[in-house]
Amino acid sequence: MNNNFAHCQRCFYSIDHPLGLIIDDEGICSGCRIHEEKDEIDWNQKWNSLKNIVKRYKSKSKKNYDCIIPVSGANDSYFIVHQVKNKLGLNPLLVSYNKYYNTPLGIRNLANLRIKFGCDILIQNVDPNKVKKITRTTLREFGSIYWHCIAGQTAFPVQTAVRYKIPLIIWGAHQGLEQVGMYSHDHQVEMSRRYRKDHDLMGQEADDLLYLFDTLTENDIWQYRYPDDYEINKLGIRGIYLGNFIRWDPKAQHEEMIKLFDYKTSMFNRTIDCYDHVDCFNYMFLHDLLKFHKHGYSKITDHVSREIRHKRLDRQTGLKLIKYHEAQPVKYIDKFCEWINIDNSGLEFIIKNSNNLNYSNDKSKSSKYTKSRNKSGIKFFANADLSNNEDEKYITVGKGYP
Ligand SMILES: [Zn+2]
């Protein structure tokens, strides 16, 4: 056995990927290997097995929802609701955790989702003062402004399942499977407290924050607690992932949603994908910068790797795109500083302290790559802007339509 590969020879992930991956003797990573299953699986059979799973959850009395779908004004929300409501014929309750970094476009997409599909929605607005307090702490202690978003997005649907006695939660793709091939599609991995803690939340559940930092109290974090096992088991709550039953292809899926349901998209300077995260002023900017500092790569690497696996990009072009986009300026930092009430230099200090890379608005650094973007041969369609007015603040609570 001669395996000295630290980097996948197909995509751009390395053995340092935060979710963990392995590279085989041919230099191909587990994420790429599991992706190959997508062209081997009998998806009709998978779809039928999904139909079998969900049919027992249909409310016989019609007095309750059949399932819960966590949604936002972006990502795969439209596609998931389309599959569940229109194709599987279930009556879902949509739930959305308000992360407060909302763009006008995201608010619009969420309102349009609710109207186009005719669904009820629950939106959780945690006291913004608590959210800011938590975020100041997680930013300072582990360089994350997204802990509360992930914790809220993964706890609120499960809390709602308990509260409303709706035992089935339907998610999109499983990140561990999609990115690093942690599981095969055939494992039909389901939602778990353990995965949430170890991978989604970087090992820090809500209660762990109390022990780590004396700045937070129980009153600040209780909304982010995952329900206990007794309640989950009593009601038989489970969370399934559509990516185990449908050949997952975010680019193609979003393009279908643009056509069918008027999903709106927007160009980002730091990646090629115009479809993901259009609801957030931070995900593709400050959060992406922090990811780059912590893990040595940013979202463009995820998108390029995904497109290479789908055979829409070659490796050489992918590398150019990564170099170009990861050097692009990080926008909307001022909005974040204003929201959380720290000054720009304070934030810069935290970022610089997190490692020795500087963030910079100096475009000249990347000038030799400026032509890469349009030469990639891969097309994403932007049909809107995140915001019509650059000075607009976060839409902390917004209904979207008059
Ligand atoms: Zn790979």
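Residues numbered from 1 in each chain as written. Predicted model: local features only at pLDDT ≥ 70, side-chain atom pairs only at ≥ 80, totals over all residues.

Asker: Please explain the overall build of the protein chain as it appears in this structure.
Answerer: Helix and strand counts for the protein chain stand at 18 helices and 5 strands. Relative to its length of 402 residues, the protein chain is compact, with a C-alpha radius of gyration of 21 Å against a globular reference of 21 Å. With the C-alpha coordinates aligned to their principal axes, the bounding extent of the protein chain is approximately 65 × 50 × 45 Å. The proportion of buried residues among the 402 residues of the protein chain is 44%. Counting contacts in the protein chain only where the partners sit at least 6 residues apart, residues at least 24 apart contribute 75% of the total. (Helix = DSSP H or I, 4+ residues; strand = E, 2+ residues; numbered from the N terminus. Rg over C-alpha atoms; globule rule 2.2 N^0.38 Å. Buried ≥ 20, exposed ≤ 12 C-beta atoms within 10 Å, placed from the backbone. Contact = placed C-beta atoms within 7 Å.)

Asker: Please clarify how the environment of A327 should be interpreted in this entry.
Answerer: If you trace the backbone, A327 turns up in the loop between α15 (315-326) and α16 (333-340). In this structure A327 comes out as buried when scored by C-beta crowding, with 21 C-beta atoms within 10 Å.

Asker: Quick question: what am I supposed to make of helix α12 (residues 250-261) here?
Answerer: Residues lying three or four places apart along an α-helix face the same way, a consequence of the helix completing one turn every 3.6 residues. Under the 1.5 Å per step criterion, the end-to-end length of α12 is 16 Å for 12 residues, consistent within 8% with the ideal 16 Å. Listed as buried for α12 are P250, K251, Q253, H254 and M257. Projection of α12 onto a plane perpendicular to its axis shows the buried side chains occupying an angular sector of 165°, all on one side. Looking at the buried side of α12, the elements it contacts are α3 (77-87). At the exit of α12 stands D262, carrying a positive phi of roughly 60°. (Expected span 1.5 Å × (residues − 1). Arc of directions from axis to C-beta.)

Asker: I tried to follow the domain arrangement of the protein chain on my own but got confused; where do I start?
Answerer: On domain assignment, one finds that the protein chain holds domain 1 (1-40), domain 2 (43-244) and domain 3 (268-373). Its C-alpha centre places domain 2 at a distance of 25 Å from the equivalent point of domain 3. Taken residue by residue, the interface counts 21 residues in domain 2 and 16 residues in domain 3. Counting residues per element, the ones that place at least two in the side of domain 2 that touches domain 3 are α4 (104-117) and α5 (128-142). (Domains from an automatic or database assignment.)

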